[in-house]
Each structure stands twice: as structure tokens, then as C-alpha cells.
Amino acid sequence: MVSLSHGARDAARAGSRWRRAGLLCLCWLAGLVTGLPAMAEDGYALWLRYVPLDAGRQAAYRAHATELVVDAGTPTGRAIRDELQRGLHGLLGRAPVPAARAGRAGAIVVGTPATSPQLAALRLDLSALGEEGYLLRSVRIDGRPATAVAANTELGALYGAFHLLRLVQTAQPLDALDIHQAPKTRVRVLNHWDNLDRYVERGYAGESIWDWHKLPDWTGPRYTDYARANASIGINGTVLNNVNTSAQSLTPMYLEKAAALAGVFRPYGIKVYLSARFSAPIEIGGLETADPLDPAVRAWWKAKADEVYRIIPGFGGFLVKANSEGQPGPQDYGRSHADGANMLAEALAPHGGIVMWRAFVYSHEEPDDRAKQAYTEFVPHDGRFAPNVLVQVKNGAIDFQPREPFHPLFGAMPETPLMMEFQITKEYLGFATHLAYLAPMYAETLRADTHARGPGSTVARVVDGSLEGHQLTGMAGVANIGSDRNWSGSHFDQANWFAFGRLAWDPYLDPEAIAREWVKMTFSTDPGFVDPVVAMMMGSREAVVDYMTPLGLHHLMGRGHHYGPAPWVEGGPRADWTSVYYHRADAKGIGFDRSASGSNAVAQYAPPVAAQFGDLATVPEEFLLWFHHVPWDHRMASGNTLWDELVLRYGRGVDYVAGMRRTWDGLAGKVDPERHAQVAAFLAIQEKEAQWWRDASIAYFQTFSKRPLPAGEPAPPHSLAYYQALQFPFAPGDGK
Ligand code: GCV
């Protein structure tokens, strides 16, 4: 390394300061000329950038934003006023004038009939909007055109205000508005897998944003921005701590800290929830047992719930991971999940709180196929859960793989409200550096037909309660948020947070439409940018499936940290934490036989689905190796053998990433250089790692198939031993 003297270093620093200053000036000038913002774009503003529109659009929208009438006498009212002022000022270069009553053409009137006499006088029909819905309507007030943002509650009005801003951000007309919106699920929560030491399990965006040490006295502006971002997409709850939790989170000291966060979030309609450790009565309560049927344990939880509500008014409830991956739970005492959940539900019920009881359970002592265990444990308890319990079910039966068939619990517990758990953080899809837009994956599950009550019994209808008439409904997303300046570890991962919120609000939304909104709000409304970027996003998750786990393969990543390919993982404490358990490759073929001749996991689905998945002739190819052990020479729909198809799919995934790089490189002039550079660098990492996945996987599986690669497919550049020897002791996000 070249070493510099102090003097030389100072001179170099001064030189680089001048260079930086020059660069800033240039950026500023470039901003003036191009209309792009002169400030460095670091992604902090998310999709709430509010940068100036072009002059023509500004003029058109200003006519609809002359005055702002909103009762700012409450914290939520102030949040509405501030957001609209800030947003419209940013977008239009001029904020609407605050007014007590609409008196000019082009006023925006926001509120409820109770807070706004002018809205009340319009006699709008708000009856179908519930507590969180809103109406955006072009109206006339005293003969002058105005825009009404009306709701039954201030929170509904806040959601409506964000919708109005979204319309402007995405260049939609405001002339003839008549938009009714109400969320289709009730509990729309982020699950933070954040520990009290700020380590984030499966987190790839830096340390936790919760600065527990400085709470409750310091609540920095980032918490408000977190609340704004979530409210803008309809998220109304956050579970602050990891499901693998410490009982410390329930001590008064930490409750006070959580209360400070709840205070910041409250005006934005975001409730605070906590993960509760089932053995807390022992660890912080001094009891000798946590048996849910023990009266002293029940009394302890009742007192704890009372205390939590005293400290955190409006608290949402508890999330529980029990008897899963070593966590304590009711089965430690021979009790059921329902016994455990109902004990907590009873403690929370007087306060209106809920329990989100996770169905992510499996045990290495249980020899049955891991994919079957949740169903086996939960279905017998259908109808036994208290009314304020939601059973929280991951989208698939294994664990957030790049592709899984829908979880067989959906449709199988008609008497129990089931909430969806999606993973936003990309534990199994390349961490933060791979560009994978997840809405198509979420939608694929939501649109899947369980056939529980005949055709059309989609997972979305289970989740929104319409299939069985449940009122308590919800969706959880495992957050990808950390203290990185851009929140999510990469610019494109912000899209997954956004899409989760939009789909939790309305599980029937179109992933492409969501992507289009997000790109316009986050980057640019230029169709020359939006169209190629949306197209690239839409295929990006399928590309990950191709280069990591094509044709229904799953769980083939590095042990523990889950980084990179490792289909050779075997041995260790439990078979269901190895790759060989899942792919079962041998001289004959590859895949997990879950048909009637194998584990018969297919039988957990309704008969038409079981028949489709269970038959090699009808199973969709994307789930082929999930459900069947298939000979290497099996003929695929393409006419290729299975082996050739597998190799080609790996390559197809790599090629897609190369294509994304080309697309992105070609967009250099259409996006700020800061974000362009980071995305470009991450795409280069992704291409390198996609190639690694392809090469390592092919090198390994070829030892079983013993077949040549299809013509033109390059051999892996290294030996299998080379890939197997790679170690990543410090890969981020590993469980602790
Ligand atoms: C929070 C997977 C992850 C774990 C996670 C677990 C869960 O196993 O690898 O880190 O633990 O899922 O969802 O509980």
C-alpha cells in the first residue's frame, strides 16, 4: 500500500475537498439545467420524494390545490396538514394556502363530517368506508370546484391524503375523482426480527432502527419518517422485536421504550405490538412454570397485559413463536397451541388486544416430512382458538423459499382466522444486493386456489375473511428495514416494502400496477424509464427462482447464514436443516416425493389440488421437484429431458440478470447518478452470484445425473470441491 506523509495527506484531503465542492456545484448546475434535484439522492425519502413536476404539470395541478382546509387541532390532523403541505410544495413548487373554510376554486378539503362542516354539508355516503376507508371526490362547494378527501375517521382521512399525493406523484388527473377505498384486511403489520442489541435476524440493511439504548428519551426524526412511510401504504401496526425474543422486552424498562415509539406512531394510525416469549413468567416473573393452564401463570399474563396497556395505551397485542426452532411453548407442558394462544388472548381481551400465533412449527424429533408438520399440529385445533387470535401462516409450508406452493393450512381451518406472513427481507432471495421484486411472488400465493369451498376459494379470500366470513383478518410482512440510509439495504428493496403494504391493504391488486406506481414515485414518471424498469422488475423474481432453485427445488443455500449455493449440505444436528433432505438427488433422479407414493403431503390439500399436485402428468412444472422425485430423463413440456431443462433454467436466470444490467446501464441519463451507480454495482454483484449459483449447482447435481450439459452450455469454471470449500463466516443476518 502507498503510504502518505501527514503533509501530503492534508494536501490530498484539501484537494479532494475542492474536488467535492466542484462536483457539488456541477450537480447543482446540472440540476438547474435538467430539472433533476440537485441534492444527492441517497434513497432516504423512499417513495415520498415529492420532487418538482415539470412546469406544465405543476400549473395543471396547482389549479386543484389552491387552498388546504383541514382541522389540524389533533396530532393526526397535523400529520395530514403537514404531509399535504410538504408533498404539494415539493411537487408543485407551492403549497396550498391553509384556510378554515374553502373559499376559492381548487380547494382541498380533508377530514370527517365531524371535523368539517363543509364536508358534512356535502352529505357524502361514507357508510361503506369503515374506520380506515376514505373517499376522494371532485365536488362543488358554494358553487366552486373542490376536492373532498372524506372519511369516517381522521385516520381514514390521512390515508386519503396519501392517496391524493400518490395521484399527483404518478401523474394522474384530478378533474373527476370518485375513488372509494377501504382496506380488505384489518391488521396490516410489519414484523421486525430485531433484537434488543440492534442485531437484525435476517436483516441486510444495517442494524435495527430501534435505538433501544437512547429510548425513551430520544426519539429521532427517523421514527416519524418510518410512520409516514408506513401510513402512506396503509400499514397500521408494527411488531418491534424478533419472534425469537428475549423476555426482557416485556420488562417495564423496555415497555417504556416501546411506549415512546408508540407515541410517535400513534398519529399515523400505527399500533405497536410485541413478540412475547412464552417462558417469560419464569424468566422475568419468577414463576417455576409457564404452563398455560396453571392459574398463577394465567394471573401473571393478565397482570402483564394490564401493565403493558397502562404503559402503552392502544397497544396492539402479542406475536408468538412457540415450540418452533427451540422456542418455548405450551407443548413443553403437554398443552396445545390453542391452550397457549387462548391464555394470552384472555389476558389481552379486556383491552381489545389480539394474539398473532405463528404456525411456523416443525420439530426434528418428528420424522414426518417437515412440510406436513404445521398442518398436522394445527388442523385438529380448528375452532378452538379464542375470537381475538389470528393464526399467522407463512405463504408456504417450508420457509419463504424463492417459490413454494401455497401453505396447505390455507383453506384447511375454516373456523379459525388465518393471517398471511410474507417475508419482505430477502433471506432466501439474494439478501439486499439481488434485485428481486417480490409482488409477483406474493400475488402468486394470494391468487392460488385452495378449492376449500369449490373453485375460486383463493388464498386471498381466506386471508381477507370473505371465504368463511371472518372479521378479524390480517397480513404480516417480515420487515427489510434497517438503519442504512436507504432503509432497505438497496433501492429496489424499497419496492418490496411498498408492495407488501399495498397488497396487505388490497390483496387483489396487480403487481405490475404496484411496480408502476412505485417506480414513478421513487424514480421518475418518464415512460422511457418507467416501462423498461417495470418490465425488468416483473421478471426479476422468476430469474432468482431459475438461478437458485428451478423447477420446484428448495432449501439449497448455505447452512445457517443462507448465503450462496450449498446443495451438498448434509449432516449436522437435524436432517431438515440440510439441503440433501430437500433435493434427494440420486442416480435415478431428483426431487422430494410428496405424492401418495412418498410423504403424501399432497393429501393435505383439497382433493382437486391434491390430484393436480400429486400426479406427475398434471403438476405444474414450477412445482415438479417439490412434489415428485423425477427421473433425469423425464420429458418436460419443452421436449427437453429434466436434466437438460434444469441446466437451461439455471442459465436462463443468469441471462436475465445480464439483461437487467444492460437495461439499467442504458438508463443512466434518466436517473440521478447516485442511485444509478449503486443499482448498477448491485446488479453486477447479482450477476456474479447468479453465475456462482448456476455453476455450483450444476457441478454438484452432475455428480448424480452423470449426463453431459446440453449443447452450448458452458461447464462450470471450477471443480465441485472449489465451490464446496467456500466459507462465509461473517455473512450478515444469521440467526444468533
Ligand atoms: C426468526 C427461518 C429463519 C429464522 C427465523 C425463522 C422464523 O428459519 O431462518 O431466522 O427466525 O424462519 O420464521 O421463525
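Along every chain, residues carry numbers that run from 1 in the direction the sequence is written. Where totals are concerned, whole chains, interfaces and linings use all residues; where local detail is concerned, this predicted model gives features only for residues with pLDDT of at least 70, and gives and counts side-chain atom pairs only at 80 or more. Excluded from the side-chain calculations are hydrogens and water; all other atoms, namely the structure's heavy atoms, are used.

- In the annotation of an unreviewed UniProt entry, the protein chain is listed under the name Xylan alpha-1,2-glucuronidase and assigned to Pseudoxanthomonas kaohsiungensis.
- UniProt positions are given in the numbering used here, feature names are shortened, and annotations may be inferred rather than shown by experiment. Check the Catalytic activity (unreviewed entry) section of the UniProt entry for the protein chain; it says "Hydrolysis of (1->2)-alpha-D-(4-O-methyl)glucuronosyl links in the main chain of hardwood xylans."
- Taken verbatim from the UniProt record of the protein chain, the Subunit (unreviewed entry) comment is "Homodimer."

1. Considering the overall build of the protein chain
- Numbering goes from the N terminus for both helices and strands, where a helix is a DSSP run of H or I of at least four residues and a strand is a run of E of at least two. Secondary structure summary: the protein chain contains 22 helices and 16 strands in total.
- As defined in this context, the radius of gyration uses C-alpha atoms, and a globule is described by 2.2 Å times the residue total to the power 0.38. Taking 2.2 N^0.38 as the reference for a compact globule, 736 residues should give roughly 27 Å; the C-alpha atoms of the protein chain span a radius of gyration of 27 Å, in line with that estimate.
- A 1.4 Å probe rolled over the protein chains alone gives each residue an accessible area, and that area as a share of the maximum for its type sets the label: buried under 20%, exposed over 50%, partly exposed in between. Taken across its 736 residues, the protein chain has 60% of its residues classed as buried.
- In this analysis, two residues are considered to be in contact whenever any of their non-hydrogen atoms come within 4.5 Å of each other. Within the protein chain, counting contacts between residues at least 6 apart in sequence, those at least 24 apart form 72% of the total.
- For the area figures, the Shrake-Rupley method with a 1.4 Å probe applies, and any residue is considered shielded solely by the protein chains shown. Carbon together with sulfur atoms contributes 56% to the accessible area of the protein chain, which is approximately 27,600 Å² in total.

2. Examining the site of the ligand
- By nearness alone, 15 residues border the ligand, and Glu201, Lys321, Arg358, Lys394 and Glu427 come closest of all.
- Here a polar contact is taken to be a pair of N or O atoms separated by no more than 3.5 Å, where protein atoms must pair a possible hydrogen donor with a possible acceptor and residues adjacent in sequence count only if both atoms sit in side chains. In this structure, Glu201 approaches the ligand through a side-chain N or O atom, which is 2.4 Å from an oxygen atom.
- At a separation of 2.7 Å, an oxygen atom of the ligand approaches a polar side-chain atom of Arg358.
- Out of a free accessible area of 340 Å², the ligand has 96% covered by protein chains.
- For the shell around the ligand, the per-class residue count stands at 4 nonpolar, 3 polar and 8 charged. Nearness is judged by heavy atoms alone; a residue qualifies as near a molecule or strand once a single heavy atom is within 4 Å of it. Here the nonpolar group is Ala, Val, Leu, Ile, Met, Phe, Trp, Tyr, Cys and Pro; Asp, Glu, Lys and Arg are the charged ones; every other residue, Gly included, is treated as polar.

3. Considerations on helix H14 (residues 494–505)
- Between the first and last C-alpha of H14 there are 17 Å, a value that for 12 residues agrees with the 16 Å anticipated at 1.5 Å per step.
- The element H14 is extensively covered by neighbouring structure, given that 12 of its 12 residues are classed as buried.
- Every buried residue of H14 is listed here: Gln494, Ala495, Asn496, Trp497, Phe498, Ala499, Phe500, Gly501, Arg502, Leu503, Ala504 and Trp505. Helices are assigned an expected span. That span is 1.5 Å times one less than the residue count.

4. Details of the pattern of salt bridges
- Each reported salt bridge corresponds to a side-chain nitrogen of Lys or Arg within 4 Å of a carboxyl oxygen of Asp or Glu. Scanning all chains against the criterion turns up 45 salt bridges.
- As a salt-bridge pair, Arg335 and Asp291 come within 2.9 Å of each other at their nearest N and O atoms. Linking Arg335 in the loop between strand S10 (317–320) and helix H10 (337–348) with Asp291 in the loop between helix H8 (280–283) and helix H9 (295–311), this pair joins segments that are 44 residues apart in sequence.
- Judged by its relative accessible area of 27%, Arg335 falls in the partly exposed class.
- Among the ionic pairs, Glu713 bridges to Arg694, the shortest N-O distance being 3.3 Å. Residue Glu713 is found in the loop between helix H21 (673–705) and helix H22 (720–725), and its partner Arg694 is found in helix H21; the two are separated by 19 residues along the sequence.
- What makes Glu713 partly exposed here is its relative accessible area of 22%.

5. Regarding the packing of helix H7 (residues 252–265) against H9
- At their nearest, the axes of H7 and H9 sit 9 Å apart, and the two run at 40° to each other. On the basis of their axis angle, the class for H7 and H9 is oblique. Here H7 and H9 pass one another in a crossing that is right-handed. When H7 is examined against H9, the residues Pro252, Leu255, Glu256 and Ala259 are found in contact with a partner set consisting of Glu307, Val308 and Ile311.
- Taken together, the residues of the contact of H7 with H9 sort by class into 5 nonpolar, no polar and 2 charged. What counts as an axis is a line fitted to C-alpha atoms, over the stretch in contact for a helix, and the angles between N-to-C directions run from 0 to 180 degrees. Note on angle classes: values under 35 degrees are labelled roughly parallel, values over 145 roughly antiparallel, values of 65 to 115 roughly perpendicular, and the remainder oblique. Here a crossing is called left-handed whenever its near helix is offset anticlockwise from the far helix by less than a right angle, and right-handed whenever the offset is clockwise.

6. Examining the pairing of strand S1 (residues 67–70)
- Here S1 shows two buried faces, one formed by Glu67 and Val69 and the other by Leu68 and Val70.
- Here the rule is simple: two strands pair whenever DSSP picks up at least two bridges between them. Pairing analysis gives 4 bridges linking S1 to strand S3 (residues 107–111), with the strands arranged parallel. Within S3, the residue paired with Val70 across the bridge is Val110.
- As defined by bridge partners, S1 adjoins strand S2 (residues 97–98) across 2 bridges and the pair is classed as parallel.

7. Description of the UniProt feature "domain: Alpha glucuronidase N-terminal" (unreviewed entry) in the protein chain
- Taking the UniProt record as the reference, the feature "domain: Alpha glucuronidase N-terminal" (unreviewed entry) is found at residues 46–164.
- Between the first and last C-alpha atoms of residues 46–164 the distance is 17 Å; the span itself is 36% helix and 22% strand.

8. A word on the packing of aromatic side chains
- Aromatic rings from Phe, Tyr and Trp, with only the six-membered ring used for Trp, were paired whenever their centres fell within 6.5 Å, and each pair was classed as stacked if the ring planes differed by under 30 degrees, edge-to-face if by over 60, and tilted otherwise. Under the criterion given, the structure shown has 46 aromatic pairs.
- Consider the rings of Trp193 and Phe400, whose centres lie 6.5 Å apart with planes at 40°: the pair is tilted. Linking Trp193 in the loop between strand S7 (187–191) and helix H6 (221–232) with Phe400 in the loop between strand S12 (389–394) and strand S13 (418–423), this pair joins segments that are 207 residues apart in sequence.
- Residue Trp193 is classed as buried on the basis of its relative accessible area, which comes to 7%.
- Ring plane angle 75° and centroid distance 4.7 Å describe the contact between Tyr581 and Tyr582, whose orientation is recorded as edge-to-face.
- We classify Tyr582 as buried; its relative accessible area is 1%.
- Put simply, the rings of Tyr44, Trp47, Trp210, Tyr223, Tyr226, Phe265, Trp487, Trp497 and Phe498 pair up and form one aromatic cluster.
- Criterion for a charge above a ring: Lys NZ or Arg CZ within 6 Å of the ring centre, and within 35 degrees of the ring normal. One Lys or Arg, Lys394, reaches over the ring of Phe360 and ends 3.2 Å from the middle of that ring.
- Over the ring of Tyr581 we find Arg584, and its NZ or CZ is 4.9 Å from the ring centre.

9. So, the pairing of S13
- In terms of burial, S13 is largely enclosed, as 6 of its 6 residues are buried.
- By the bridge criterion, 4 bridges tie S12 to S13 in an arrangement that is parallel. In the sheet register, Val393 faces S13, and the bridge partner there is Met420.

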